[in-house]
Amino acid sequence: MKKSCLLLILLLTTSLWAEVTNKEALRHTYERVVLHNIDTSVTALHGLEEAIRAKQAADAKARFGDLVTAWKKVRALYFLGELDPAYLDTPRLIDTFHHGNEDLADQLDLILESDDPLEIALFKNSHKSINALEYLLFTKKVSDPRVNAAMLRICGAVKTHLFDIQKGYLQNKPLFLQDTNRANALLINALSESSYKLKEWRIADVAGISDKYEGDPDLRRGEYPHSGNSLQAVKAIVSMYIQVLDSPQEGDFGDYLESILAAKNLQRIKTPLQQSHTLLAQMQERDLLTSRKLYEQLHTLHLGIYVYLIDALKMQAKILDADGD
């Protein structure tokens, strides 16, 4: 009888410890990854806006790279819309990659050539996106008055949406943390969805190894073809995965997974993540054209997240839509 009671106490204590560890890991991820990255995005945009206002082209282009890095970390782990539907489409107001088939460059050229007031001419959300900003910054003269005014208007629009996301995450923090099962599901579904899009949209399509573009590599399919920041976007997303799953800080989500996941299954996630990070450190932008090894590692990473994490956390996976978000 005493042995049975002792076993029961041990099981209850272990269960409580795991629950507390899960909550702390989720809190760590929310504060040190989610909130940190959106704060960094706002800061990066502010620096870019100031460089554009000062008409410092070289500085503005460098700061655009900072914005890409920060924003991709936010976008690749975005689950705010699941906490509050009001924020479901906010990322699409900032980022048009893989949305629609419009020729944004042609439209922006026509806007610059016209005499219409910019507040009227830049009427579409896509005209005020980070992608529109990239095109103007890297193909036009920052010192040109109309170009400069257009870029500042775009910066203002993007800043508004980033502020909305920042406010939304701050307000919904208690909701995220109140249910660990739901929070786990939101986190893993976001990782699973973004890891699929990373390997297929940002690597396979560019390298010509996807079904749609097999044998036809083309850097123009990259996320930021005008600025040459497509590789930087990939690096940022992989860096975010490390923040969540394998950071040097104690108490991250990876540490919690280590307590509930078989060691070999955890390594099936961490090893391709580490290998991807190593490969990316050696790559230049044009190496995306021949990035099969990177694709294979990211494919393995995606499968690890989709299979082992979902199974370990006993959650239902969200079905991915390969054609859009």
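Residues numbered from 1 in each chain as written. Predicted model: local features only at pLDDT ≥ 70, side-chain atom pairs only at ≥ 80, totals over all residues. Heavy atoms only, no water.

Colleague: Honestly, the overall build of the protein in this entry has me stumped. Any pointers?
Modeller: On a plain count of helices and strands, the protein comes out with 13 helices and 0 strands. Taking 20 Å as the expected radius of gyration for a compact globule of 325 residues, we find that the protein reaches 22 Å, a close match to that expectation. Taking the principal axes of its C-alpha atoms as reference, the protein extends roughly 90 × 45 × 30 Å. Taking all 325 residues of the protein together, the buried fraction comes to 51%. Across the protein, the fraction of contacts at a sequence separation of at least 24, relative to all contacts at a separation of at least 6, is 77%. For the protein, the separation between the mean place of its 38 positive charges and that of its 44 negative charges on side chains is 4 Å. (Helix = DSSP H or I, 4+ residues; strand = E, 2+ residues; numbered from the N terminus. Rg over C-alpha atoms; globule rule 2.2 N^0.38 Å. Buried < 20%, exposed > 50% of the residue type's maximum accessible area, 1.4 Å probe, protein only. Contact = heavy atoms within 4.5 Å. Lys, Arg positive; Asp, Glu negative; His and termini not counted. Charge placed at Lys NZ, Arg CZ, Asp CG, Glu CD.)

Colleague: Would you take a moment to explain helix α10 (residues 230–245) for this structure?
Modeller: Because each turn of an α-helix spans 3.6 residues, side chains separated by three or four positions end up pointing in the same direction. Between its terminal C-alpha atoms α10 stretches 23 Å, which fits the 22 Å expected from 16 residues at 1.5 Å a residue. The buried fraction of α10 is high, at 13 of 16 residues. (Expected span 1.5 Å × (residues − 1).)

Colleague: Can you help me understand the packing of helix α7 (residues 130–139) against helix α8 (residues 145–177) in this one?
Modeller: Packed helix pairs are characterised by how far apart their axes lie and by the angle those axes make with each other. The interhelical angle for the contact between α7 and α8, taken along N-to-C directions, is 155°, at an axis separation of 10 Å. By the criterion of interaxial angle, the relationship of α7 to α8 is roughly antiparallel. Crossing of α7 against α8: the hand is left-handed. Seen from α7, the contacting residues are Ile130, Ala132, Leu133, Leu136 and Leu137; seen from α8, they are Val147, Ala150, Met151, Ile154, Cys155 and Val158. (Axes fitted to C-alpha atoms, helices over the stretch in contact; angles between N-to-C directions. Parallel < 35°, antiparallel > 145°, perpendicular 65-115°, else oblique. Left-handed = near helix turned anticlockwise from the far one by under 90°.)

Colleague: When you look at the nonpolar core in this model, what are you seeing that I'm missing?
Modeller: In globular proteins that are soluble, nonpolar side chains generally tend to be buried together. Grouped together as the largest cluster of nonpolar side chains are 96 residues, with contacts concentrated most on Leu77, Phe79 and Phe253. Element by element, the count of residues in this core is highest for helix α1 (residues 2–53), at 13 residues. Those residues in contact with Leu77 that sit more than four places away from it in its chain are Thr29, Val33, Val34, Tyr169, Leu187, Ala190, Leu191, Met240 and Val244. (Core = buried A, V, L, I, M, F, W, Y, C linked by side-chain atoms within 4.5 Å.)

Colleague: Explain helix α12 (residues 263–281) to me, please; I cannot follow it from the model alone.
Modeller: Its 19 residues place the ends of α12 26 Å apart at the C-alpha level, agreeing with the 27 Å of an ideal helix rising 1.5 Å per residue. Of the positions making up α12, those classed as buried are Asn265, Leu266, Ile269, Lys270, Pro272, Leu273, Ser276 and Leu280. Tucked inside the fold, the buried residues of α12 contact α10, α11 (253–260) and α13 (292–312).

Colleague: Explanation requested: the packing of aromatic side chains in the structure shown.
Modeller: What describes a pair of aromatic rings is the distance from one ring centre to the other and the angle between the planes of the rings. Tallied over the entire structure, the rule returns 10 aromatic pairs. An angle of 75° between the planes, with centres 5.6 Å apart, marks the rings of Phe79 and Tyr169 as edge-to-face. Taken as a pair, Phe79 in the loop between α2 (57–75) and α3 (80–83) and Tyr169 in helix α8 lie far apart in primary sequence, 90 residues in all. When sorted by exposure, Phe79 lands in the same class as Tyr169, which is buried. Centre to centre, the rings of Phe253 and Tyr256 are 6.0 Å apart; their planes meet at 50°, and the pair counts as tilted. Of this pair, Phe253 and Tyr256 both sit in helix α11, 3 residues apart, which is roughly one turn of that helix. (Phe/Tyr/Trp six-rings, centres within 6.5 Å; stacked < 30°, edge-to-face > 60°.)

Colleague: Got a minute to help me understand the pattern of salt bridges in this structure?
Modeller: It is possible for side chains bearing opposite charge to pair when their charged atoms get close. Here the structure, examined in full by the defined rule, presents 16 salt bridges. Note that Glu49 and Lys159 form a salt bridge whose closest N and O atoms lie 2.9 Å from each other. Here Glu49 is found in helix α1, whereas its partner Lys159 is found in helix α8, with 110 residues between them in sequence. Residue class for Lys159 comes out partly exposed when judged on its relative accessible area of 24%. As a salt-bridge pair, Lys197 and Glu193 come within 2.8 Å of each other at their nearest N and O atoms. (Salt bridge = Lys/Arg side-chain N within 4 Å of Asp/Glu carboxyl O.)

Colleague: Quick question: what am I supposed to make of the environment of Pro225 here?
Modeller: Along the polypeptide, Pro225 turns up in the loop between α9 (180–207) and α10. Between the C-alpha atoms of Pro225 and Gly156, which are 69 residues apart in sequence, the distance is 23 Å. Leaving out residues up to four positions away in the same chain, Pro225 has contacts with Glu134, Leu219, Arg220 and Ser230.

Colleague: Help me out: how do you make sense of the confidence of the model for the protein in this one?
Modeller: Low-confidence regions, as indicated by low pLDDT, have predicted coordinates that should not be scrutinised in detail. In this model, the protein carries an average pLDDT of 90, and 90% of its residues clear a pLDDT of 70 or more. The low-confidence segment residues 1–17 (pLDDT under 50) makes 1 contact with residues lying over four places distant or belonging to another chain. Long-range and interchain partners of residues 319–325, a stretch whose pLDDT sits below 50, account for 16 contacts in this model, where long-range means more than four residues apart. (pLDDT = per-residue confidence, 0-100.)

Colleague: Is there a simple way to explain a nonpolar patch on the surface in this structure?
Modeller: A surface patch of nonpolar side chains, about 240 Å² in accessible area, is lined by Leu303, Tyr306 and Val307. Here Tyr306 shows up in helix α13. (Patch = residues over 30% accessible without salt bridge, like charges linked within 9 Å, V, L, I, M, F, W, Y side chains within 5 Å. Areas by Shrake-Rupley, 256 points an atom, 1.4 Å probe, with all protein chains shown as cover.)

Colleague: What am I meant to see in the environment of Leu309 here?
Modeller: The residue Leu309 is located in helix α13 in this model. Looking at Leu309, the relative accessible area reads 0%, which means it is buried. Taking the C-alpha atoms as reference points, Leu309 and Ser192, separated by 117 residues in sequence, lie 9.4 Å from one another. Every residue in contact with Leu309, bar those within four places of it in the chain, is listed here: Ile188, Leu245, Leu257, Leu261, Ile269 and Gly304.

Colleague: I keep staring at unusual backbone geometry and nothing clicks. Help me out?
Modeller: Excluding glycine, residues mostly have negative phi values, and the peptide bonds linking residues are mostly trans. One non-glycine residue with positive phi stands out, namely Lys55, at about 60°. The residue Lys55 is located in the loop between α1 and α2 in this model. Relative accessible area serves as the criterion here: at 41%, Lys55 is assigned to the partly exposed category. Located in the positive-phi region is His98, a residue other than glycine, with phi close to 70°. Position of His98 relative to the elements: it lies in the loop between α4 (90–94) and α5 (104–113). Judged by relative accessible area, which is 30%, His98 ranks as partly exposed.

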